[in-house]
Amino acid sequence: APAVQDKVRQGLDALQRAAAMVAQLELFSENEDLEEVASADLKFMLLPALLGGLTLKQVDLSRRREHLESAREHFLRFLKLCRNYGLGSFRLPPGTAGEEKTESPSAPQDPGQPNLVAMAMSRTAKIERYKQKKELENKLASMSSSVESGTADEDQIREFYILQIQKWISTSLEEIESIDQELVILRSRDAARQAPAGPRGPSRPARTPMKPFILTRDAAQARVFGAGYPGLPTMTVDDWYEQRRKQGIVSQQGFGEPGSPFCPSPPAGASDEELQKQQKEKEEEEDDEEALRKARDWDDWKDTHPRGYGNRHNMG
């Protein structure tokens, strides 16, 4: 929100002015011990860590990489200051100037393989830092009321700020690890954007869309479905008949005309008895239409109701 970002900028300005005054007064030196620092001055050691934390609160995406690098510098300055005064036992992040390089007694690892020993040590260190951070937060919660009310003595105030410093040491190590991971992603993205677009090779010709087809299992199925799908007719029945009529294969008579293949006329010279017999057979066929319909209905019913359908007599 814009209101939150305004407060973040105001906080950063106030912390930067305070850090400039601390540097001008030379409150901290590399040649003194923690016992030589006044209890009231211990809280000023937190300025670099607070600057790093507020810098990360800025949400300007166009300057995200700049904010990450600035916050990392603030956290590193805080860790180096704490290390000079012997506050906490920790190692500076890899790649930091002034970090001790410890030689591993084991054989050199393959760059392509993960260093399992380093991963296990890092995991153990994270778990330990998490436990210490929880203990410090519990102690700080119990002491904050007395320090804020002004009833705490000098020893309690000194212990309170030392605990605050130790808590921010754990926070700074975690933030630097997250910053390094995000910086790798941002640098890769920037490199991909700045890389010139090289030749991509010859363009592939556009493929013509394929028509859908089916694979048949045997020759009979192939005769039914044809060579492919969809198998649409190329002509109607009327067109086919007209083509056959022009070729002289079928007669000139139509479908429904007497004498045509579809409506044959009675043979010449047929007697009255034969005509009566044909008429009687036709009437019998018409009488049997009801029986034929029932038989067809029965066949259709058997198709959808297999043998034994609905039998519940022998079931428990």
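Residues numbered from 1 in each chain as written. Predicted model: local features only at pLDDT ≥ 70, side-chain atom pairs only at ≥ 80, totals over all residues. Heavy atoms only, no water.

The chain has the name IGBP1 protein in an unreviewed UniProt entry, where Leucopsar rothschildi is given as its organism. One UniProt comment on the chain, placed under Sequence similarities (unreviewed entry), says "Belongs to the IGBP1/TAP42 family." (UniProt positions renumbered as here; feature names shortened; annotations may be inferred.)

1. What to know about the packing of helix H2 (residues 47-55) against helix H3 (residues 64-84)
As a packed pair, H2 and H3 sit with axes 7 Å apart at the nearest point and diverge in direction by 160 degrees. One finds that H2 runs roughly antiparallel with respect to H3. As for how H2 packs across H3, the hand of that crossing is left-handed. Counted together, Pro48, Ala49, Leu51, Gly52, Gly53 and Thr55 of H2 and His67, Ser70, Ala71, His74, Phe75, Arg77 and Phe78 of H3 form the full contact between these two elements. Looking at the contact of H2 with H3 residue by residue, the classes come out as six nonpolar, six polar and one charged. (Axes fitted to C-alpha atoms, helices over the stretch in contact; angles between N-to-C directions. Helix = DSSP H or I, 4+ residues; strand = E, 2+ residues; numbered from the N terminus. Parallel < 35°, antiparallel > 145°, perpendicular 65-115°, else oblique. Left-handed = near helix turned anticlockwise from the far one by under 90°. Contact = heavy atoms within 4.5 Å. Nonpolar A, V, L, I, M, F, W, Y, C, P; charged D, E, K, R; others polar.)

2. Some thoughts on the pattern of salt bridges
One pass over the full model with this rule turns up 10 salt bridges. With a closest N to O distance of 2.6 Å, Arg72 and Asp180 form a salt bridge. Separated by 108 residues along the polypeptide, Arg72 in helix H3 and Asp180 in helix H5 (residues 154-194) bring together distant segments of the chain. Owing to a relative accessible area of 14%, Arg72 belongs among the buried residues under this scheme. Classification of Asp180 by relative accessible area gives partly exposed; the value is 25%. Between Arg293 and Asp297 there is a salt bridge whose closest N-O contact spans 3.2 Å. (Salt bridge = Lys/Arg side-chain N within 4 Å of Asp/Glu carboxyl O. Buried < 20%, exposed > 50% of the residue type's maximum accessible area, 1.4 Å probe, protein only.)

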